[in-house]
Amino acid sequence: MWSRILRVAMLTALWGLGDLQVTTTVKPGRGKGSNWWGIAKAGEPNNLIPRSPGMVYMDPSVLTNLRKKQKRLVRENPGVFLAVSKGANMAIQECQHQFKNRRWNCSTRNFFRGKNLFGKIVDKGCRETAFIYAITSAAVTHAVARGCSEGSIESCTCDYSHQGRGTHVPPNAVTGIRDWEWGGCSDNIGFGYKFSREFVDAGEKGRNVREKMNLHNNEAGRAHVASEMRQECKCHGMSGSCTTRTCWMRLPNFRVVGDNLKDKFDGASRILVTNAESETGKGLSRRKRNRYKSNLLPHNPEHKPPGSMDLVYMDPSPPFCEKNPQLGILGTSGRMCNETSIGLDGCDLMCCSRGYRTQEMIVIERCGCTFQWCCEVKCNICRIKKNIHTCL
Ligand SMILES: *[C@@H]1O[C@H](CO)[C@@H](O)[C@H](O)[C@H]1NC(C)=O
Ligand SMILES: *[C@@H]1O[C@H](CO)[C@@H](O)[C@H](O)[C@H]1NC(C)=O
């Protein structure tokens, strides 16, 4: 019901108020492809205006953050808005999970309309920004591909393109097992990939290095989803004899994509920013130039050029130690740290050598759990004293 209400409200907004011109200011360096992130906040109370009891109306201003092309895509693919919104939230959650122990922890700003969701850090072409673009683009790919197979997007279905392959393969002479047989409902990665390219990349023309960086990282995010597609099968036949099998392609758990992208973050490639940016593609019509093949050069000429699955960045990251409103950096004062860790979550690194305070806290935990036949686990509730360390 929730989705129906949101849908109705949205269509009103798309058709009725679609032409409402609201100027959105975008920092010159960033590219224009990031305002859609605000969709993540579409379902939040801030953006929902209660009308009559039980009926909520979504503030159409959420949609004013979309570009014309993005609005068209939402109109033409009923159901896709919720998938994109789900994807954006999945991206935030995954990003915060991957970065919870780091100085920059992927915090988002929850404010009216959700514009500039990740804050000003994205104005800088640093690694963190590269990760944000890749994970959001990957999440849209994932959520839309799943939306298709779940039947929640009207303009796409399961991917049945594998159907019929293998059906004429005779059973194995020894085992009697037939080679696999397709026919199941595959997550529609083809549609998800294409939709993400259209929607997520709508604002990136690839005219300067920053826009190329965004395009490259968006594409890398999608590639990481596609490369983790796995075949799943179910056996049919008497008592599990598996004389026939139904197989389909399934999306990876999004955690896998997050883990892989985090690895790429750690090994991200710094690219060269040249003055001759506008030279690229000269003489070629825009149509002819493949914007995903921009031949980015490594900053260090001894390094390999970045591969299509790699994340790329232009600027070194700021230290994230002290509060810096200009860059939207919160600083690590007040963050919890681990006294015994020598990693980034250790108090020395997390607190940037400023020191930390230790407080004794009582935490309530389950303890002394016993397994009882069958099948219960019984626990006591314990009050445990713990030392909590927080950065000065
Ligand atoms: C991230 O760190 C800031 C302080 O720097 C803190 O206020 C915020 O709650 C943290 N966010 C998450 C998601 O951990
Ligand atoms: C702190 O770091 C140590 C060493 O890396 C680890 O074993 C321990 O689980 C960490 N504690 C917390 C609360 O994360």
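For the structure itself, look to the data block above.
Quick caveat, the model's predicted, so the values are computed rather than measured.

Undergrad: Please set out the site of ligand 1 residue by residue, giving values where relevant.
TA: Near ligand 1 you find Gln96, Asn105, Leu330, Gly331 and Arg335, and these make up its full shell. One nitrogen or oxygen atom from the side chain of Asn105 is found 2.3 Å from an oxygen atom belonging to ligand 1. Gly331 has a polar backbone atom sitting 2.8 Å from an oxygen atom of ligand 1. Across the complex, the protein chains shield 54% of the 360 Å² of accessible surface that ligand 1 would expose by itself. A per-class count over the shell around ligand 1 returns one nonpolar, three polar and one charged.

Undergrad: Which residues make up the site of ligand 2, and what values do they have?
TA: The environment of ligand 2 is made up of Asn338, Thr340 and Ser341. At 2.3 Å, a side-chain N or O of Asn338 approaches an oxygen atom of ligand 2. In isolation ligand 2 has 370 Å² of accessible area, and contact with the protein removes 26% of it.

Undergrad: A description of the pattern of salt bridges should follow, citing residues and the corresponding values.
TA: Applying the stated criterion across every chain yields a total of 15 salt bridges. Between Arg230 and Glu228 there is a salt bridge; the shortest N-O distance is 2.9 Å. A relative accessible area of 46% places Arg230 in the partly exposed class. What makes Glu228 buried here is its relative accessible area of 17%. A single network of salt bridges, built from pairs that share partners, joins Arg197, Asp201, Glu219 and Arg222.

Undergrad: Tell me about the sheet that holds strand 8 (residues 356-372), and please be specific about residues and values.
TA: Strand order across the open sheet formed by three strands is 7-9-8, with antiparallel pairing between neighbours. The open sheet terminates on both sides in strands that have one partner only, identified here as strand 7 (336-337) and strand 8. Relative to strand 9 (residues 376-391), strand 7 runs antiparallel, the two being bridged by two bridges. Across the sheet, the residue bridging to Cys337 is His389, located in strand 9.

Reading the values: rules and limits
Residues numbered from 1 in each chain as written. Chains lettered and ligands numbered in written order. Predicted model: local features only at pLDDT ≥ 70, side-chain atom pairs only at ≥ 80, totals over all residues. Heavy atoms only, no water. Near = heavy atom within 4 Å. Polar contact = N/O pair within 3.5 Å; in protein donor to acceptor, adjacent residues only side chain to side chain. Areas by Shrake-Rupley, 256 points an atom, 1.4 Å probe, with all protein chains shown as cover. Nonpolar A, V, L, I, M, F, W, Y, C, P; charged D, E, K, R; others polar. Salt bridge = Lys/Arg side-chain N within 4 Å of Asp/Glu carboxyl O. Buried < 20%, exposed > 50% of the residue type's maximum accessible area, 1.4 Å probe, protein only. Pairing = 2+ DSSP bridges. Helix = DSSP H or I, 4+ residues; strand = E, 2+ residues; numbered from the N terminus.

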